[in-house]
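Examining the three-dimensional arrangement
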Amino acid sequence: MNDSKPQPEAEHGGRSLQRLIGPLTGLPGVHFESIGSFPSGSRQYSLPRFTFRGPNSGDPIRIGIFAAIHGDEPAGALAAAKFLAQAAHEPGVAENFLLQIYPLCNPTGFEDNTRHSRRGKDLNREFWKASAEPEIEILERELRTQRFSGIIQLHADDTSDGIYGFVRGHTLTENLLRPALLEAGKILPRNANATIDGFAARDGIIYQSYEGILAAPMQSEPPFEIIFETPHHAPMELQVEALVAAVRTILAEYRRLISFAANL
Ligand SMILES: [Zn+2]
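Residues numbered from 1 in each chain as written. Predicted model: local features only at pLDDT ≥ 70, side-chain atom pairs only at ≥ 80, totals over all residues. Heavy atoms only, no water.

1. Focus: the coordination of the zinc ion
Taken together, His70 (ND1), Glu73 (OE), Glu73 (OE) and His155 (ND1) make up the protein donors of the zinc ion, found 2.0 to 2.3 Å from the metal. Metal-centred angles of 57 to 148° between the four donor atoms at the zinc ion mark the site as irregular. Considered as a linear motif, the donors of the zinc ion on their single chain read H-x2-E-x81-H. (Donors = N, O, S within 2.8 Å, 3.2 Å for Na, K, Ca; no water. Tetrahedral: all angles 85-135°; square planar, octahedral: opposite > 155°, others 65-115°.)

Structure follows, in structure tokens:
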């Protein structure tokens, strides 16, 4: 144990936070920080953030990747961790980008393997409505100050047999999700239904969303915002692989689209 590093909590009967976070803190070029903490029972929980800056990022494009705001969707947390490890060893995937990765947005729910936080809240319905939930206050502060150009949220859906996603924000967003669904679709099938999760969908893309989800605050330049969903009942490794493929594709396409626009 290295005492100079912030140590996430010890195991607590449920799923281990340390087992997920620990191996990431030593990755080359990766900066680990707790962005805030709060008590639950007699213990203290914190929200981890991992920062990685890719090559050629003098004026970096800021991207936020958020996972496990629903604690019973571990694939997102594992995929965020796996993608971070890939970027650390293959920095080109982060070229032009400053990546801020939040693999555990709901640490108590993750530990308990529940969708809701231990205080019984679906945290992904609490944003921008003056919620008093500590996780929300911490994440809203982050969303306000980081001024992301892109936000990617990783989820799993136990009512879907295939991958799909929600698009919001910048108008080019669907041009990022479409190729991501194609790439991830080589790993898990796409949900081609006309209705998904109660929303109208086209080719696995939903253009509306729930109120109160994790999203950027109102800002002059809206970021692209993508929520990517895997089928919860698919094998875990395939969900992780599909999510990592989606993230890599979204970033590569975004880099391509904006450098194309800059050269016009
Ligand atoms: Zn979810």
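2. A closer look at empty space enclosed by the protein
A water-sized probe rolled over the atoms picks out the places where empty space is left. The tally for this structure, following the rule as stated, stands at two cavities of 30 Å³ or more. In this structure, the second largest cavity spans a volume of roughly 30 Å³. Lining of the second largest cavity is provided by Ile151, Ile152, Gln153, Arg168, Ile213, Leu214, Glu225, Ile226 and Ile227. Here the residues of the lining of the second largest cavity sort into six nonpolar, one polar and two charged. (1 Å grid on protein atoms, 1.4 Å probe; cavity = no way out; pocket = protein on both sides within 12 Å on 5 of 7 lines; lining within 4 Å. Points joined across faces, edges and corners; volume = space filled by probe spheres on them. Nonpolar A, V, L, I, M, F, W, Y, C, P; charged D, E, K, R; others polar.)

3. Examining the sheet that holds strand β1 (residues 30–40)
Across a sheet, paired strands are connected by hydrogen bonds in the backbone, their directions being either parallel or antiparallel. Strand order in this open sheet of ten strands is β1-β2-β4-β3-β5-β10-β6-β9-β8-β7, and the pairing throughout is mixed. In the strand order of this sheet, the two ends are held by β1 and β7 (195–196), each with one partner. The sheet contact formed by strand β5 (residues 150–157) and strand β10 (residues 224–231) spans eight bridges and is parallel. Across the sheet, residue Ile152 finds its bridge partner in β10, namely Ile226. Along the sheet, helix α4 (residues 134–146) makes contact with β1, β2 (43–53), β3 (61–67), β4 (97–102) and β5, crossing β1 at roughly 145°. Helix α6 (residues 236–262) rests against β3, β4, β5 and β10 of the sheet, and its axis sits at about 160° to β10. (Pairing = 2+ DSSP bridges. Helix = DSSP H or I, 4+ residues; strand = E, 2+ residues; numbered from the N terminus. Contact = heavy atoms within 4.5 Å. Axes fitted to C-alpha atoms, helices over the stretch in contact; angles between N-to-C directions.)

4. What about the nonpolar core?
It is characteristic of soluble globular proteins that their nonpolar side chains tend to be buried jointly. Grouped together as the largest cluster of nonpolar side chains are 73 residues, with contacts concentrated most on Ile63, Leu154 and Phe228. Residues contacting Ile63, with those up to four places away along its chain left out, are Phe97, Leu98, Leu99, Gln100, Phe148, Gly150, Ile152, Phe224, Leu251 and Tyr254. Core analysis: the second largest hydrophobic core is formed by eight residues, Ala201, Ile206, Ile213 and Ile227 among them. (Core = buried A, V, L, I, M, F, W, Y, C linked by side-chain atoms within 4.5 Å. Buried < 20%, exposed > 50% of the residue type's maximum accessible area, 1.4 Å probe, protein only.)

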